[in-house]
Every structure is written in structure tokens, then in C-alpha cells.
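Overview (structure and organization)
Residue strings, one per chain:
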Amino acid sequence: MNRLLDEGNLQFDFSAFNTADRFDDKRINPSGMKAVDFVAETDDYLYFIEVKDYQNPKATEERRRTDYKMLIAAGTQKKAIFNIEVGEKIKDSLLRKYSLGEKIIKDVVYLLFINLDKLGAFERGLLKSKIIGHVPTGLNDNRFCEFTEISFDLVSAEQLKSYGITCTAKQ
């Protein structure tokens with residue numbers, strides 16, 4: 001099974017995982033729902049991974065400026081659209097899994113990978129603190145799942161490796 005998945009100009013290696021699939025497929029996503037880019041599983045965890053590549057060399061200059069402004073606003077404004085969207089993506093992705101009849105029995109980890117070298121540890125921490133309030137922390141109802149909480153982390157390429165995922169730019 002191929003565990004190399006592409007997102008824009010980036011390639012992700014999920015070799016350490018049991019499964020890894022693209023989840024954000026506009027052809028099959030229900031209308032109006034958002035989805036994370038990838039879903040991957042190990043023996044113990046179900047990972048939802050969202051990718052934001054602010055260094056994509058194929059992006060237009062206007063797109064880069066717009067995306068960067070949105071990212072900066074996310075770190076400074078409590079109710080920034082970016083933060084809300086990050087929360088919506090995990091909620092809608094979980095709902096889609098449930099609607100497919102899947103019962104989630106593994107611990108859930110939600111990773112937001114932001115590819116932007118000039119976003120340092122301090123800025124990542126600030127941004128994470130602004131987003132965390134928009135990400136569900138768990139469910140109190142075990143009819144649909146057995147996990148009790150959702151772990152959330154905002155990661156760089158180096159931090160992504162600690163989860164067993166390698167990210168490289170496509171040539």
C-alpha cells in the first residue's frame with residue numbers, strides 16, 4: 001500500500017502508519033462540509049491532519065499575501081476566521097466518519113501542520129492558544145465513539161517527524 005500522499009507542493013510519508021488516506025476530496029465530501037486533508041491510523045491512534053503550506057512556490061503573490069494576513073490575524077484575534085475554520089474541519093471530519101458508520105475506538109490526535117519557516121516557536125504557541133478554543137476537546141457520549149478527548153497540536157515539519165510523518169517538498 002502506498003503511504004506517500006501529496007498536498008500541493010508537499011509530499012507526506014506515512015510509512016510508520018497502518019493506513020493513510022486523503023480525506024479532503026471535493027468529489028465525495030458532502031456539500032457544505034469541511035474536511036481535513038488526511039486521516040491516518042496506527043495501532044493506538046486515529047490522526048486527522050490539516051496542511052497549510054504558506055511556502056508553496058506555485059502560489060501567486062496575491063494568494064501568499066492574503067494567506068499570510070489571515071494567518072497573522074489568527075494569532076492576534078480571538079474570533080479569527082482561520083481559527084474557526086480549523087475547528088470546523090475536525091468537527092466536520094468526525095461527523096463524516098460517523099455518517100459512514102465508523103465507530104472511533106482509538107484515541108484521536110488532530111495535527112495542524114503549518115509550513116512557514118518564519119513562524120517561530122513563540123508565534124506557533126500564540127497561534128495554538130488562539131485556535132485551541134475552537135477545537136473540540138472530546139465527547140461525553142459513547143454511543144458514537146470510545147475516545148474521551150481529542151489531542152491537538154500545531155506542528156512544524158520537524159515536529160511532524162515526532163509523530164512518525166515525514167514531509168518533503170516535491171522536486
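The text that follows walks through the structure, step by step, so that each part is easy to find. All values reported here derive from a predicted model rather than from experimental measurement. (Residues numbered from 1 in each chain as written. Predicted model: local features only at pLDDT ≥ 70, side-chain atom pairs only at ≥ 80, totals over all residues. Heavy atoms only, no water.)

Let us look at the overall build of the chain. The secondary structure content of the chain amounts to four helices and eight strands. Ordered by position from N to C terminus, the α and β elements of the chain give β-β-β-β-β-α-α-β-α-β-α-β. By residue count, 43% of the 171 residues in the chain fall in the buried class. The contacts in the chain between residues at least 6 apart in sequence include a share of 67% that link residues at least 24 apart. By element, 50% of the accessible surface of the chain is carried by carbon and sulfur atoms, the whole surface being about 9700 Å². (Helix = DSSP H or I, 4+ residues; strand = E, 2+ residues; numbered from the N terminus. Buried < 20%, exposed > 50% of the residue type's maximum accessible area, 1.4 Å probe, protein only. Contact = heavy atoms within 4.5 Å. Areas by Shrake-Rupley, 256 points an atom, 1.4 Å probe, with all protein chains shown as cover.)

This part takes up the packing of helix α2 (residues 81-99) against helix α3 (residues 121-131). Packed helices, taken two at a time, are described by the angle their axes make and the gap between the axes. Where α2 contacts α3, the two axes come as close as 9 Å, and the packing angle between them is 65°. Seen from above, α2 lies across α3 with right-handed handedness. On α3, the residues that touch Phe82, Asn83 and Val86 of α2 are Leu127, Lys130 and Ile131. In the contact of α2 with α3, the residues fall into four nonpolar, one polar and one charged. (Axes fitted to C-alpha atoms, helices over the stretch in contact; angles between N-to-C directions. Left-handed = near helix turned anticlockwise from the far one by under 90°. Nonpolar A, V, L, I, M, F, W, Y, C, P; charged D, E, K, R; others polar.)

On to α3, then. Residues three or four positions apart in an α-helix share a direction because the helix packs 3.6 residues into each turn. All of the buried residues along α3 are Arg124, Leu127 and Ile131. When α3 is viewed along its axis, its buried side chains cluster within an angular range of 65° and face the same direction. What points out from α3, more than 90 degrees from its buried face, is the exposed set Ala121 and Phe122. (Arc of directions from axis to C-beta.)

A complete count under the given rule lists eight aromatic pairs for this structure. With 5.5 Å between their ring centres and 80° between their planes, phenylalanine 14 and phenylalanine 17 make a pair best called edge-to-face. Overall, the relative accessible area of 0% leaves phenylalanine 14 in the buried class. With a relative accessible area of 2%, phenylalanine 17 lands in the buried category. Taking the centre distance of 5.2 Å and the plane angle of 75° together, the rings of phenylalanine 17 and tyrosine 47 count as edge-to-face. Taken together, the residues phenylalanine 17 in the loop between β2 (10-13) and β3 (19-22) and tyrosine 47 in strand β5 (residues 45-53) connect sequence positions 30 residues apart. Residue classification places tyrosine 47 among the buried residues on the basis of a relative accessible area of 7%. Through a chain of ring-to-ring contacts, the aromatic side chains of Phe12, Phe14, Phe17, Phe38, Tyr45, Tyr47, Phe113 and Tyr163 assemble into a single cluster. (Phe/Tyr/Trp six-rings, centres within 6.5 Å; stacked < 30°, edge-to-face > 60°.)

Before going further, it helps to examine the nonpolar core. With 28 residues, the main nonpolar core has Phe48, Phe82, Tyr110, Ile114 and Ile131 as its most contacted residues. Among the elements of the structure, β5, α1 (61-76), α2, β6 (107-115), α3 and β7 (150-155) are those that each provide at least two residues to this core. In terms of residue count, the dominant contributor to this core is α2 (five residues). Not counting chain neighbours up to four residues away, the residues in contact with isoleucine 114 comprise Lys52, Tyr54, Leu71, Phe82, Leu119, Arg124, Leu127, Leu154, Val155 and Ser156. (Core = buried A, V, L, I, M, F, W, Y, C linked by side-chain atoms within 4.5 Å.)

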